[in-house]
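# Secondary and tertiary structure notes
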Amino acid sequence: MKSTLVRLGGMATVTALLAASTGAGTAISRGNMPAYCRGEVSAMYATKPMYVKTGKIVKARDGSLSIQGTVDKGSEGIKAFACRFDKKGNFIDVMAMTSDGE
C-alpha cells in the first residue's frame, strides 16, 4: 500500500492527521458499522453504496474491529477492501485489499 504525504501546514493539520490514524472521533455503534463502511467505501471508489457488499464484523485480539467486503467497479472489476475501526468503534480507514497495478 502506497502512502502519500500532503503538506497543508499548521498544528491543526498535524492533529487531524494523528486523530485519523488512531480512529479519533465519534464512535460508530456495531449496528451502524456496515452502513458506515459502505458509505466510506463508496466515496473512496467513487461509486454508489448499493455496489458495496460487506461481510461480518470481526474482532481482533487487540479489540479492534474490521469489516471485509467487495465493491463492484463495473469494467474495472471487483475490488476487495477492509474497513477498520479501533476498539472503541472509531473509524480508522478503508484498506484496499486488491492491487490496482500501482
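What counts and what doesn't
- Sequence positions are assigned chain by chain, starting from 1 and proceeding in written order.
- Restriction of local features to residues with pLDDT of at least 70 applies here, the model being predicted, together with a cutoff of 80 or more for giving and counting side-chain atom pairs; totals for whole chains, interfaces and linings are based on all residues.
- Think of the side-chain values as coming from all heavy atoms in the structure, minus any hydrogens and water.
- Numbering of helices and strands starts at the N terminus; helices are DSSP runs of H or I of at least 4 residues and strands are runs of E of at least 2.
- Whether a residue is buried, partly exposed or exposed follows from its accessible area with a 1.4 Å probe, protein chains only, as a fraction of its type maximum: under 20%, in between, or over 50%, in that order.
- Contacts are residue-level and defined by heavy atoms, with any inter-residue pair within 4.5 Å sufficient.
- What sets the accessible areas is the Shrake-Rupley method with a 1.4 Å probe; for residues, cover comes only from the shown protein chains.
- Two aromatic rings, drawn from Phe, Tyr or Trp (for Trp, its six-membered ring), form a pair once their centres lie within 6.5 Å of each other, and the interplanar angle then sorts them: stacked below 30 degrees, edge-to-face above 60, tilted otherwise.
- Disulfides are defined in this document as cysteine sulfur pairs within 2.5 Å.
- Every case where a carboxyl oxygen of Asp or Glu lies within 4 Å of a side-chain nitrogen of Lys or Arg is listed as a salt bridge.
- A helix is expected to reach a length of 1.5 Å times the quantity of its residues less one.
- Throughout, the arc means that of the directions going from the helix axis to the C-beta atoms.
- In this description, a nonpolar core means a group of buried Ala, Val, Leu, Ile, Met, Phe, Trp, Tyr and Cys residues linked to one another through side-chain atoms lying within 4.5 Å.

### Some remarks on the overall build of the chain
- For the chain, the count of helices and strands is two helices and four strands.
- Seen in sequence order, the chain has helices and strands lined up from the N terminus as α-α-β-β-β-β.
- Out of the 102 residues in the chain, the part that is buried amounts to 26%.
- Within the chain, contacts between residues separated by at least 24 positions form 39% of all contacts whose residues are at least 6 apart in sequence.
- Accessible area for the chain stands at about 7100 Å²; split by element, carbon and sulfur atoms hold 56% of it.

### With respect to the packing of aromatic side chains
- Taken as a whole and judged by the stated rule, the model has two aromatic pairs.
- Taken together, a centroid distance of 5.6 Å and an interplanar angle of 70° make the contact between Phe-85 and Phe-91 edge-to-face.
- Following the ring pairs from residue to residue traces out a cluster consisting of Tyr-36, Phe-85 and Phe-91.

### Focus: the state of the cysteines
- Applying the stated rule across the entire model yields one disulfide.
- A disulfide bridge connects Cys-37 with Cys-83, and the sulfur atoms are separated by 1.9 Å. Handedness of the Cys-37-Cys-83 disulfide follows from its S-S torsion of about 85°: it is right-handed. Within this pair, whereas Cys-37 is found in helix 2 (residues 33-44), its partner Cys-83 is found in strand 3 (residues 78-85), the two being separated by 46 residues in sequence. The two residues Cys-37 and Cys-83 agree in class, both being buried.

### Regarding the pattern of salt bridges
- Counted according to the given criterion, the structure contains one salt bridge.
- Across the salt bridge formed by Arg-84 and Asp-93, the nearest N and O atoms sit 2.7 Å from each other.
- When its relative accessible area of 32% is taken as the criterion, Arg-84 is described as partly exposed.

### As for helix 2
- Taking 1.5 Å as the rise per residue, helix 2 with twelve residues should run 16 Å; its terminal C-alpha atoms sit 16 Å apart, in good agreement.
- For helix 2, the full list of buried residues reads Met-33, Pro-34, Cys-37, Val-41 and Ser-42. One side of helix 2 carries all its buried residues, which in axial view fall inside an arc of 165°.
- Where helix 2 is buried, its residues meet strand 1 (52-59), strand 2 (65-72), strand 3 and strand 4 (91-96).
- One or two positions beyond helix 2, positive phi appears at Ala-46, with a value near 50°.

### Some thoughts on the nonpolar core
- Counting 14 residues, the largest nonpolar core has Val-41, Phe-81, Cys-83 and Phe-85 as its most contacted members.
- Looking at this core, the elements with two or more residues in it are helix 2, strand 2, strand 3 and strand 4.

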